[in-house]
Amino acid sequence: MSKDCIQRIMSRSSIRRYTEGSIPESDIEEILKAGFSAPSAGNMQPWRVVVVRNESTRSLLAEAAGNQSFVARAPVVLVVCAVPRESAQRYGQRGVSLYVLQDTAALVENLLLAAHFSGYGACWVGAFNEDLAREAVGVPDDMRPVAIIPVGRGAETISRTRPRRPLSEVVVSESF
Ligand SMILES: Cc1cc2nc3c(=O)[nH]c(=O)nc-3n(C[C@H](O)[C@H](O)[C@H](O)COP(=O)(O)O)c2cc1C
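Just so you know, these numbers come straight off a predicted model, no measurement behind them.

A.B. asks: Tell me about the packing of aromatic side chains, and please be specific about residues and values.
C.D. replies: All told, the structure shown has two aromatic pairs when counted by the stated rule. On the numbers, 6.0 Å between centres and 40 degrees between planes, the contact of Phe36 with Trp47 is tilted. Residue Phe36 is located in the loop between helix 2 (25-35) and strand 1 (47-52), and its partner Trp47 is located in strand 1; the two are separated by eleven residues in the primary sequence. Since its relative accessible area comes to 32%, Phe36 is described here as partly exposed. Plain terms: the ring middles of Tyr91 and Tyr99 are 4.9 Å apart, the flat faces sit at 85 degrees to each other, and that makes the pair edge-to-face. When the ring centre of Tyr120 is taken as reference, the NZ or CZ atom of Arg153 above it lies at 4.2 Å.

So this is what it looks like as structure tokens:
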């Protein structure tokens, strides 16, 4: 990977303020395609993404997320759902308790990076009531909403990305 790609990955930040104005369908489609290129265990792709533009649904999602009002202010909100049943078909309990969550987390990160590279701001929102989120978007009980991602043109500039722990703290040497 070129240094430029690494720099671009490292320049992503959570964006929670958005300008007015919609996002072209073609941009959303491109972001979704990049999202779905994420790896998944056995390539099962046990996921669905609900694309929400409707204002009242966005408000319900903000409420489901404990009134994180910026969710409602994004023109598009992606609700990433895990489908544990599909992962269980091949992997049983390990599929349900681990792989489906890892698969959808990879999808979420791809979506965030694709949004960033396409000139949009986005934020991974994980603090929400799953039942309320499921009701808001009308997905069945066997789908588990795992992340809410508001996407919009950023109305804030993050001059420096948020700090990370030093490598020395989080990289464990083999001889541990
Ligand atoms: C699993 C998960 C859940 C998160 N939930 C929320 C959330 O509910 N609300 C929010 O504003 N940010 C949420 N975030 C975003 C983090 O706060 C953010 O990624 C972190 O502070 C680092 O900042 P950065 O993304 O700008 O690098 C979540 C991130 C992850 C990975």
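A.B. asks: Please provide a residue-by-residue account of the site of the ligand, values included.
C.D. replies: Of all residues adjacent to the ligand, which total 13 residues, the nearest are Ser14, Arg16, Gln68, Trp124 and Arg162. Arg12 is positioned such that a nitrogen or oxygen atom in its side chain is 3.1 Å from an oxygen atom of the ligand. Within the contact set of the ligand, an oxygen atom lies 3.1 Å away from a backbone nitrogen or oxygen of Ala127. When the free accessible area of the ligand is taken as 610 Å², the share hidden by the protein chains comes to 64%.

A.B. asks: Give me the side chain of Arg12: which residues, what numbers.
C.D. replies: Its location among the elements puts Arg12 in the loop between helix 1 (3-10) and helix 2. One buried charged side chain, Arg12, makes no salt bridge at all; its nearest oppositely charged neighbour is Glu109, positioned 4.4 Å away. Not counting chain neighbours up to four residues away, the residues in contact with Arg12 comprise Glu109, Leu112, Leu113, His116, Thr161 and Arg164.

A.B. asks: For a nonpolar patch on the surface, give the residues involved together with the corresponding values.
C.D. replies: Taken together, the side chains of Ile6, Ile9, Met10 and Phe117 present a nonpolar region at the surface, about 340 Å² in accessible area. Here Met10 lies in helix 1. Using a relative accessible area of 54% as the deciding quantity, one classes Met10 as exposed.

A.B. asks: Explain the packing of helix 3 (residues 55-64) against helix 6 (residues 130-137) to me, using residue names and the numbers behind them.
C.D. replies: At a minimum axis separation of 9 Å, helix 3 and helix 6 run at an interaxial angle of 175 degrees. When the axes of helix 3 and helix 6 are compared, the pair comes out roughly antiparallel. Across the interface between the two elements, Thr57, Leu60, Leu61 and Ala64 of helix 3 pack against Leu132, Ala133, Ala136 and Val137 of helix 6. Per-class residue counts for the contact of helix 3 with helix 6 are seven nonpolar, one polar and no charged.

A.B. asks: How would you summarise the layout of surface pockets if you had to cite specific residues and measurements?
C.D. replies: Space inside the largest pocket adds up to approximately 220 Å³. Along its surface, the largest pocket is lined by Ile9, Met10, Arg12, Ser13, Ser14, Glu109, Leu113, Thr161, Arg162, Pro163 and Arg164. Elements with a minimum of two residues in the lining of the largest pocket: helix 1 and helix 5 (84-117). Of the residues in the lining of the largest pocket, the class split is four nonpolar, three polar and four charged.

A.B. asks: Break down the environment of Ser159 for me, with residues and values.
C.D. replies: Mapping Ser159 onto the fold places it in the loop between strand 4 (144-152) and helix 7 (167-170). Judged by its relative accessible area of 75%, Ser159 is exposed. Here the alpha-carbon distance between Ser159 and Ser13, two residues 146 residues apart in the chain, equals 9.8 Å.

Thresholds, definitions, all that
Residues numbered from 1 in each chain as written. Predicted model: local features only at pLDDT ≥ 70, side-chain atom pairs only at ≥ 80, totals over all residues. Heavy atoms only, no water. Phe/Tyr/Trp six-rings, centres within 6.5 Å; stacked < 30°, edge-to-face > 60°. Helix = DSSP H or I, 4+ residues; strand = E, 2+ residues; numbered from the N terminus. Buried < 20%, exposed > 50% of the residue type's maximum accessible area, 1.4 Å probe, protein only. Lys NZ or Arg CZ within 6 Å of the ring centre and 35° of its normal. Near = heavy atom within 4 Å. Polar contact = N/O pair within 3.5 Å; in protein donor to acceptor, adjacent residues only side chain to side chain. Areas by Shrake-Rupley, 256 points an atom, 1.4 Å probe, with all protein chains shown as cover. Lys, Arg positive; Asp, Glu negative; His and termini not counted. Salt bridge = Lys/Arg side-chain N within 4 Å of Asp/Glu carboxyl O. Contact = heavy atoms within 4.5 Å. Patch = residues over 30% accessible without salt bridge, like charges linked within 9 Å, V, L, I, M, F, W, Y side chains within 5 Å. Axes fitted to C-alpha atoms, helices over the stretch in contact; angles between N-to-C directions. Parallel < 35°, antiparallel > 145°, perpendicular 65-115°, else oblique. Nonpolar A, V, L, I, M, F, W, Y, C, P; charged D, E, K, R; others polar. 1 Å grid on protein atoms, 1.4 Å probe; cavity = no way out; pocket = protein on both sides within 12 Å on 5 of 7 lines; lining within 4 Å. Points joined across faces, edges and corners; volume = space filled by probe spheres on them.

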